[in-house]
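Read off the chains here:
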Amino acid sequence: MAEKPQPVRVLYCGVCGLPAEYCEFGPDFEKCKPWLRVNAADLYPDLLNEDNQKDVDKAAEQLQSVGISSSGDGGGASAAAASGGTSKPEEVKRLPGGKIKKKEKQEVVIEKIVRNKRKCVTVVKGLELFGVKLSDASKKLGKKFATGASVVKGPTEKEQIDVQGDIAYDIVEFLTETWPDVPETAIFFIEDGKKVAAA
Amino acid sequence: MFKKFSFEDISAQNQVKTSVQRKIRQSIAEEYPGLEPLMEDLLPKKSPLLVAKCQNHLNLVVVNNVPLFFNVRDGPYMPTLRLLHQYPDIMKKFQVDRGAIKFVLAGANIMCPGLTSPGGAMDDEVSEETPVAVMAEGKQHALAIGFTKLSAKDIRAVNKGIGVDNMHYLNDGLWKMERLE
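- An unreviewed UniProt entry annotates chain B as Malignant T-cell-amplified sequence 1 homolog originating from Dioscorea cayennensis subsp. rotundata.
- Under Subcellular location (unreviewed entry), UniProt gives the following word-for-word description of chain B: "Cytoplasm".

- As annotated in an unreviewed UniProt entry, chain A carries the name Translation machinery-associated protein 22 and is attributed to Dioscorea cayennensis subsp. rotundata.
- Taken from UniProt, the Subunit (unreviewed entry) comment for chain A reads in full: "Interacts with the 40S ribosomal subunit."
- Note on chain A: under the UniProt heading Subcellular location (unreviewed entry), the record states "Cytoplasm".

Structure follows, in structure tokens:
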């Protein structure tokens, strides 16, 4: 048997996930820069120069602020705040076209649909906005209420959970208990085509 | 091809019959002789091999929830970029000049002039309709996986229009799909 070639370890950017050398062509090079400076400085020598420049600037600034406020900690705090601001990840998802995805309002909508006059299905929409895995959720719901529960593609390509039977009476309690992230105030019922808050 | 690609595009994910598995293994081994010693690691006989069917007659070969290969209809299997990055020498390589990188990463097909210009390079013996790794001038790693429309010779001769179809590139839908559930 031939010698096994070892897998190459590729350095992927911690911010955008591309190989570090492609960050400059990535969705947001500016955001990758701080990470690159630390982890892949040799790939972007320009960055380091820039960095040094900035350091010099910062030092000068600090000196100035020290001079003005005459207390060293004030300058240090402001510098720390500034660096904290740049490293904070922003929650903006980018669509492939480069457009910024609008953040959807986080709410769970529960709707009861009657079929065959005496049977009904309870539809739960929007759980995924709270970071709940829908497949898990449907399983839990099915178990709790001892009925069939499934993840279904709803209108406009969104996924929702269909639970057989009328479970609207204590689904709210169940949701808030199983997923503490879901506040009661964010749960709504649809009654006669109107949204009614559950709480 | 994977410009817009997400979990919703996967219509079914099945564990395939052993005979089909064997066929897939065989065709991959044929296509990429360099992978031969690694086959056992990549596609272990023991662990289940899943094939995810997607829209547009696209199939993904998934092992342990990681997509490793894809193909279209009955076309050749191509590795995903993450796999190619690990084993860069399994495919024939084309290199595009620096100016083209931006467009390739936006999903554009690779035009002949980008391959024939001073920044570009091609492995000579590549014929048409073969999968190739698309590298870039001054970069170590592949940025896309392409499917040649013309042979390397023809690309030099024609030097116009699309030379390589862009199948899969960095930061497209498949790239972002590191793991399947």
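Here's the deal with the sheet that holds strand S6 (residues 93-96) of chain B
All names here are of chain B.
Here comes step 1: The strand order across the open sheet built from six strands is S7-S11-S10-S9-S6-S8, with neighbouring strands paired in mixed fashion. Edge strands, defined here as strands with exactly one partner in the open sheet, are strand S7 (110-111) and strand S8 (121-122).
Here comes step 2: The pairing of strand S10 (residues 144-148) with strand S11 (residues 162-169) spans five bridges and is antiparallel. Looking at S11, one finds that Phe-147 is bridged to Asp-165.

Some words on the environment of Asn-56 of chain B
Here comes step 1: With respect to the element layout, Asn-56 of chain B can be found in the loop between strand S2 (49-54) and strand S3 (58-63).
Here comes step 2: Note: C-alpha distance between Asn-56 of chain B and Asp-9 of chain B (47 residues apart in sequence) is 9.4 Å.

Concerning the environment of Asp-166 of chain A
All names here are of chain A.
Here comes step 1: Checked against the element boundaries, Asp-166 lands in the loop between strand S4 (159-164) and helix H5 (168-178).
Here comes step 2: Separated by 55 residues in sequence, Asp-166 and Glu-111 have C-alpha atoms that sit 9.7 Å apart.
Here comes step 3: Once you skip the residues sitting within four places of it in the chain, Asp-166 turns out to touch Lys-112, Cys-120 and Thr-122.
Here comes step 4: Within the structure, the side chain of Asp-166 is placed 3.2 Å from the side chain of Lys-112, a separation counted as a polar contact.

So, the confidence of the model for chain A
Residues shown with low pLDDT carry predicted positions that ought not to be read at fine detail.
Here comes step 1: Taken as a whole, chain A shows an average pLDDT of 71; of its residues, 66% reach a score of 70 or greater.
Here comes step 2: In this model residues 69-91 of chain A is a low-confidence stretch, pLDDT under 50, and it forms nine contacts with partners more than four residues away in sequence or in other chains.

Cut-off values and rules
Residues numbered from 1 in each chain as written. Chains lettered and ligands numbered in written order. Predicted model: local features only at pLDDT ≥ 70, side-chain atom pairs only at ≥ 80, totals over all residues. Heavy atoms only, no water. UniProt positions renumbered as here; feature names shortened; annotations may be inferred. Pairing = 2+ DSSP bridges. Helix = DSSP H or I, 4+ residues; strand = E, 2+ residues; numbered from the N terminus. Contact = heavy atoms within 4.5 Å. Polar contact = N/O pair within 3.5 Å; in protein donor to acceptor, adjacent residues only side chain to side chain. pLDDT = per-residue confidence, 0-100.

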